[in-house]
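Chain and residue survey
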Amino acid sequence: MTNKYAKQYRRLLEQEHTLPYKLLLNGQEFASTLYTKLGKITGIVVWNQADDPATKEEAQQIVSMLQKYTFYFDYLGKRDKVLRERDSLVAEKIEQTQLILNNNQIYGEKMQPVVDELSLTLEVYKQQQRKLDIYQEDIALLNEKIKEQGKILEEDWESAEDLSVAFMIASYAQSIYLEATREHRRKLVKWYHENQRELNSEDRKALSKLVNLLSDTNAGLVFDQIISLIPLLENGLLLDHDESLTKRAQEFNKEYEAHCHFYKPNAEKFNALIRN
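Thresholds, definitions, all that
- Residues numbered from 1 in each chain as written.
- Predicted model: local features only at pLDDT ≥ 70, side-chain atom pairs only at ≥ 80, totals over all residues.
- Heavy atoms only, no water.
- Helix = DSSP H or I, 4+ residues; strand = E, 2+ residues; numbered from the N terminus.
- Rg over C-alpha atoms; globule rule 2.2 N^0.38 Å.
- Buried < 20%, exposed > 50% of the residue type's maximum accessible area, 1.4 Å probe, protein only.
- Salt bridge = Lys/Arg side-chain N within 4 Å of Asp/Glu carboxyl O.
- Expected span 1.5 Å × (residues − 1).
- Arc of directions from axis to C-beta.
- Phe/Tyr/Trp six-rings, centres within 6.5 Å; stacked < 30°, edge-to-face > 60°.
- 1 Å grid on protein atoms, 1.4 Å probe; cavity = no way out; pocket = protein on both sides within 12 Å on 5 of 7 lines; lining within 4 Å.
- Points joined across faces, edges and corners; volume = space filled by probe spheres on them.
- Nonpolar A, V, L, I, M, F, W, Y, C, P; charged D, E, K, R; others polar.
- Core = buried A, V, L, I, M, F, W, Y, C linked by side-chain atoms within 4.5 Å.
- Contact = heavy atoms within 4.5 Å.
- Axes fitted to C-alpha atoms, helices over the stretch in contact; angles between N-to-C directions.
- Parallel < 35°, antiparallel > 145°, perpendicular 65-115°, else oblique.
- Left-handed = near helix turned anticlockwise from the far one by under 90°.
- Patch = residues over 30% accessible without salt bridge, like charges linked within 9 Å, V, L, I, M, F, W, Y side chains within 5 Å.
- Areas by Shrake-Rupley, 256 points an atom, 1.4 Å probe, with all protein chains shown as cover.
- Lys, Arg positive; Asp, Glu negative; His and termini not counted.
- Charge placed at Lys NZ, Arg CZ, Asp CG, Glu CD.

Let's shift gears to the overall build of the protein chain. Counting its regular elements, the protein chain contains 11 helices and five strands. Radius of gyration (C-alpha) of the protein chain: 24 Å, far over the 19 Å computed for a compact globule of 276 residues. Seen along its three principal axes, the alpha-carbon backbone of the protein chain occupies a region of about 80 × 35 × 30 Å. In the protein chain, buried positions account for 45% of the 276 residues.

Given below as structure tokens:
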């Protein structure tokens, strides 16, 4: 879908791309053409139903709507770019190796609390990842629906907001548990290397698999990448990091849901790009 006038608004070395869906405003459908240079958006033109440039006011409202839809899944896009589905693969491997953490006869009084907290974290990670995989599939289906119908309907906005809230809530719970037990992983690895000779062959083999999975070059790397994205989850929110993990997650759920529902795009930043 390309507007016949789009090239007239293109500047030197820019590429143009008309979005495959339209937005509804005051009973009319509006198309949007993005101009990019070196991967960055450098301009936007909004077209009315007659394929003519919309008014400046109409263009500003449409661009604000585009920003809001992008906001819904901004974290998902950046997470997917960093992790490339390795988070799901790690969850499957955890399922296969975590049973050894339930053997409370081998770790000792000092190490047992560390093992218990790490075991809880891995369970939280696995459960939340299952939710994230489902939500991500639902988001993909929503985007495909929008593309096929060529427009974003009111029902799609509601679905997008609900999916954004659900995805972010699961991501945050997963992330803060991983952050809180980062050192627990390393303590378990150290304990294993120091005590492996005292374990029977079956326990040693099982724990070896888990330790290898949690290493900094395997699941540990994925966990640290997820932790590094926490600022994106907390952006625009005021949260008390001194609260317990349960209360911190509950606070995030409440804060993000309100933030998402009442989100207002940065008009000043994107209105400067409008060429209508």
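This is not the end of the story, as more comes after the structure.
Another point: the pattern of salt bridges. The full count for this structure, using the stated rule, is 17 salt bridges. Two residues, Asp 224 and Arg 186, come together in a salt bridge whose shortest N-O distance is 3.7 Å. Of this pair, Asp 224 sits in helix α8 (residues 219-228) while Arg 186 sits in helix α6 (residues 182-195), placing them 38 residues apart in sequence. Using a relative accessible area of 32% as the deciding quantity, one classes Arg 186 as partly exposed.

Another point: helix α7 (residues 201-214). Taking 1.5 Å per residue, 14 residues should reach 20 Å; α7 reaches 20 Å between its end C-alpha atoms and fits that length. Residues of α7 that are buried: Asp 203, Leu 207, Leu 210, Val 211, Leu 213 and Leu 214. Buried residues in α7, looked at end-on, bunch into an arc of 160 degrees, giving them a common side. When the buried face of α7 is taken as reference, the exposed residues oriented beyond 90 degrees from it are Ser 201, Glu 202, Lys 205 and Lys 209.

Before going further, it helps to spend a moment on the packing of aromatic side chains. In this structure the tally under the stated criterion is 14 aromatic pairs. Measuring from centroid to centroid gives 6.4 Å for Tyr 72 and Trp 157, while their planes differ by 65 degrees, and the two rings are edge-to-face. Within this pair, whereas Tyr 72 is found in helix α1 (residues 56-72), its partner Trp 157 is found in helix α5 (residues 154-180), the two being separated by 85 residues in sequence. For the pair formed by Tyr 72 and Trp 157, the shared burial category is buried.

Of the volumes computed, that of the largest pocket is approximately 1,200 Å³. Considering the residues around the largest pocket, the lining is formed by 36 residues, among which Gln 67, Tyr 69, Thr 70, Phe 71 and Asp 74 are closest to the centre. Those elements that place two or more of their residues in the lining of the largest pocket are β4 (40-47), α1, α2 (74-83), α4 (108-149), α9 (230-234), α10 (245-261) and α11 (267-271). Ranked by the residues each element gives to the lining of the largest pocket, the list is headed by α1, at seven residues. Residues of the lining of the largest pocket, tallied by class, amount to 23 nonpolar, eight polar and five charged.

A few words on the nonpolar core. Tyr 107, Leu 188 and Leu 207 are the most contacted members of the largest nonpolar core, which totals 78 residues. The residues contacting Leu 207, other than those within four sequence positions of it, are Ile 100, Tyr 107, Leu 188, Trp 191, Tyr 192 and Leu 199. Listed in part, the five residues of the second largest apolar core include Ala 6, Ala 31, Tyr 35 and Val 45.

One can find Arg 248 in helix α10. By relative accessible area, Arg 248 is classed as buried at 6%.

Let us look at the packing of helix α3 (residues 86-97) against α7. For any two helices packed against each other, one specifies the inter-axial angle together with the distance between the axes. α7 packs onto α3 with a crossing angle of 160 degrees between their chain directions and a minimal axis gap of 10 Å. Accordingly, the angle class assigned to the pair α3 and α7 is roughly antiparallel. Crossing angle aside, the handedness with which α3 passes α7 is left-handed. Facing Lys 93, Ile 94 and Thr 97 of α3, the residues of α7 in contact are Lys 209, Leu 210 and Leu 213. By residue class, the composition of the contact of α3 with α7 is three nonpolar, one polar and two charged.

Time to look at a negative patch on the surface. Taken together, Asp 80, Glu 85, Glu 92, Asp 133, Glu 137 and Asp 138 make up a surface patch of like negative charges. Considering each element in turn, the negative patch owes the most residues, three residues, to α4. Here Glu 92 is to be found in helix α3. Exposure remark for Glu 92: the relative accessible area of 48% places this residue in the partly exposed category.

As far as function goes, none of this settles anything; it's purely spatial.
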